[in-house]
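Observations on the three-dimensional arrangement
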Amino acid sequence: MRIAVFSARSYDRRFLSEVAEREGHELTFLEPRLDRQTVSLAEGYEGVCIFVNDTADAEVVAALAAGGTRLLTLRSAGYNHVDLAAAAAHDITVARVPAYSPYAVAEHTVALMLAVERRLHRAYNRVREGNFALDGLLGFDLRNQRIGIIGTGKIGEIVARIMRGFGCSLRAYDVVRNETVRDYGVRYVDLDTLFAECDVITLHCPLTPETYHLIDAEAIAKMKPGVMIVNTSRGALIDTRAAIEGLKSGRIGNLALDVYEEEGDLFFEDLSDRVITDDVFSRLLTFPNVFITAHQAFFTEEALRNIAETTLGNATAFEAGEASGNELAEEAVRGDHRRQRP
Ligand code: NAD
């Protein structure tokens, strides 16, 4: 199949090209993000391959359909950037990579927790400059801390397993209960109890209309003073302005982010010689107790290999008229959410 690959970076070329050759797909790598301005680049391509900050809203989907696209294959698990109803209406199949390496994201989550609370970002710079003072680097033991996991799916489950190894006490909130995490000593509680009891709150649920700004001013006010919040899921789970107020008041003691609600204008680009015009993001960068990575939690060899295999495997199945099992049907997704409600 001829596939236009949007938001293509060197690592996408490397991993996707290897699989494409074997599967017999012809890939065109395009650096721009897919959006209303760039959608014309996809004209004539039966397959279009996109990543998390591409936009496939109703208008883009209609333009893709008009240009002959029949398959939208996502290099991601999350699909909040795709209008599934529009895709269904235009008979475009949407397929994703449901799991590529939950370990990559879970391990990065734990790396962020340790990095922010032991102030490793500050320590690294200090030592390089010959400053061996410890003032300002005081951390805390993770052992015996209460960790609140919101979303105990594939990634949340592994985070629970790792944090059990640290000797933490585990609480969780999810709309569906995962029996495996109970074996790690996880106790399910309601959201308000999790907010009130936990020292560390880590987000592993998808971004949906129900979870948009799940962590807002009201939620932050219910949390323990000095709480650590970690988000490796999707930026818009947190109301960033409310988080900034929480940091200023001291209610939030540590904030570690791999995602940011307006990351589409920033992440995955080298902007080091430009002025950052996002004042909210810039304010975040001024706090000593904020640690940010630019959506790199997934970024391991294992994960990229699995993403390439599944993304192009979805195209192979589509071409053969078969289902890969990774297709997102609008009704199925709606049904899934209904099923997930308590
Ligand atoms: P998953 O589908 O296995 O688990 C998600 C869990 O969230 C499920 O148990 C589901 O029941 C729960 N959930 C759904 N709605 C909820 C709600 N309203 N409140 C609480 N829980 C809810 O997904 P996963 O593979 O564990 O991935 C989790 C998220 O991580 C993805 O949605 C994606 O946004 C994010 N992610 C980020 C990266 C990265 O590089 N930073 C990489 C992969 C995935």
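Cut-offs and rules
Residues numbered from 1 in each chain as written. Predicted model: local features only at pLDDT ≥ 70, side-chain atom pairs only at ≥ 80, totals over all residues. Heavy atoms only, no water. Core = buried A, V, L, I, M, F, W, Y, C linked by side-chain atoms within 4.5 Å. Buried < 20%, exposed > 50% of the residue type's maximum accessible area, 1.4 Å probe, protein only. Helix = DSSP H or I, 4+ residues; strand = E, 2+ residues; numbered from the N terminus. Domains from an automatic or database assignment. Contact = heavy atoms within 4.5 Å. Buried area = accessible area lost by both parts, 1.4 Å probe. Salt bridge = Lys/Arg side-chain N within 4 Å of Asp/Glu carboxyl O. Polar contact = N/O pair within 3.5 Å; in protein donor to acceptor, adjacent residues only side chain to side chain. Nonpolar A, V, L, I, M, F, W, Y, C, P; charged D, E, K, R; others polar. 1 Å grid on protein atoms, 1.4 Å probe; cavity = no way out; pocket = protein on both sides within 12 Å on 5 of 7 lines; lining within 4 Å. Points joined across faces, edges and corners; volume = space filled by probe spheres on them. Near = heavy atom within 4 Å. Areas by Shrake-Rupley, 256 points an atom, 1.4 Å probe, with all protein chains shown as cover. Phe/Tyr/Trp six-rings, centres within 6.5 Å; stacked < 30°, edge-to-face > 60°. Lys NZ or Arg CZ within 6 Å of the ring centre and 35° of its normal. Pairing = 2+ DSSP bridges. Axes fitted to C-alpha atoms, helices over the stretch in contact; angles between N-to-C directions.

**Regarding the nonpolar core**
- I150, F195, I201, M223 and L255 are the most contacted members of the largest nonpolar core, which has 61 residues in total.
- Element by element, the count of residues in this core is highest for helix 12 (residues 301-319), at six residues.
- Looking at which domains feed residues into this core, each of domain 1 (2-100 + 301-333) and domain 2 (102-292) supplies at least three.
- Residues in contact with I150, not counting those within four places in the same chain, are Y173, L191, L194, F195, I201, T202, L203, H204, C205 and L214.
- Core analysis: the second largest hydrophobic core is formed by 25 residues, A106, I149, A172 and A256 among them.

**Some points on the domain arrangement of the chain**
- Taken domain by domain, the chain holds domain 1 (2-100 + 301-333) and domain 2 (102-292).
- Using only C-alpha atoms to locate each centre, domain 1 and domain 2 end up separated by 30 Å.
- The partner domain 2 presents 11 residues to the 12 residues of domain 1 that form the contact.
- Sorting the residues of domain 1 by area buried against domain 2 places R9, N53 and N80 first, and these three jointly supply 44% of that buried surface.
- For the pair domain 1 and domain 2, the number of links is two salt bridges.
- For R33, the salt bridge identified is with D265, shortest N-O distance 3.5 Å.
- Put simply, domain 1 and domain 2 have six residue pairs in polar contact (both at pLDDT 80 or more) between them.
- Tallied by class, the residues present in the side of domain 1 that touches domain 2 amount to seven nonpolar, three polar and two charged.

**Points about empty space enclosed by the protein**
- Under the criterion given, the structure shown has one cavity of 30 Å³ or more.
- When its volume is computed, the largest cavity comes out at roughly 60 Å³.
- Contributing to the lining of the largest cavity are N231, G235, I238, T240, A243, L255, L257, V259, Y260, E261 and L284.
- Of all the secondary-structure elements, those providing two or more residues to the lining of the largest cavity are helix 10 (240-249) and strand 11 (252-257).
- Residues belonging to the lining of the largest cavity are distributed by class as follows: seven nonpolar, three polar and one charged.

**Overview of the site of the ligand**
- In the vicinity of the ligand there are 23 residues, among which Y100, K154, I155, D174 and T232 approach most closely.
- The contact in question runs from a nitrogen atom of the ligand to an N or O atom on the backbone of T232, over 2.9 Å.
- One of the backbone nitrogen or oxygen atoms of F298 is found 3.1 Å away from an oxygen atom of the ligand.
- Its free accessible area being 860 Å², the ligand has 88% of it covered by the protein chains.
- The residue makeup of the shell around the ligand, split by class, is 10 nonpolar, nine polar and four charged.

**What about the packing of aromatic side chains?**
- Throughout the structure, instances matching the rule amount to six aromatic pairs.
- Where Y11 meets F299, the ring centres are 4.6 Å apart and the plane angle is 70°; that geometry is what we call edge-to-face. Taken together, the residues Y11 in helix 1 (residues 10-23) and F299 in the loop between strand 12 (290-292) and helix 12 connect sequence positions 288 residues apart.
- Note on F51 and F298: the rings are 5.3 Å apart at their centroids and 55° apart in plane angle, and the pair reads as tilted. One end of the pair, F51, is in the loop between strand 3 (47-50) and helix 2 (58-66); the other, F298, is in the loop between strand 12 and helix 12, and 247 residues separate them in sequence. Each member of the pair, F51 as well as F298, carries the same accessibility label: buried.
- In textbook terms, an aromatic cluster arises when at least three aromatic residues are bridged by ring pairs, as seen for Y11, F51, F268, F298 and F299.
- The lysine or arginine in question, R2, covers the ring of Y45, its NZ or CZ lying 4.3 Å from the ring centre.

**Points about the sheet that holds strand 10 (residues 227-231)**
- Within the open sheet, the seven strands sit side by side as 8-7-6-9-10-11-12. Their pairing is parallel. In this open sheet, the two edge strands, each paired with only one partner strand, are strand 8 (187-188) and strand 12.
- The pairing of strand 6 (residues 146-150) with strand 7 (residues 169-173) spans five bridges and is classified as parallel. When the bridges of strand 7 are listed, G148 appears paired with R171.
- With respect to the sheet, helix 10 is in contact with strand 11 and strand 12, its orientation differing from that of strand 11 by roughly 140°.

**A word on the pattern of salt bridges**
- Summed over the entire model, instances satisfying the criterion amount to 19 salt bridges.
- As a salt-bridge pair, R9 and E269 come within 2.8 Å of each other at their nearest N and O atoms. With R9 in the loop between strand 1 (2-5) and helix 1 and E269 in the loop between strand 11 and helix 11 (279-285), this pair connects stretches of sequence that are 260 residues apart.
- What makes E269 partly exposed here is its relative accessible area of 45%.
- Between E309 and R22 there is a salt bridge, with the nearest N and O atoms lying 2.7 Å from each other. Of the two residues, E309 is situated in helix 12 and R22 in helix 1; the sequence distance between them amounts to 287 residues.

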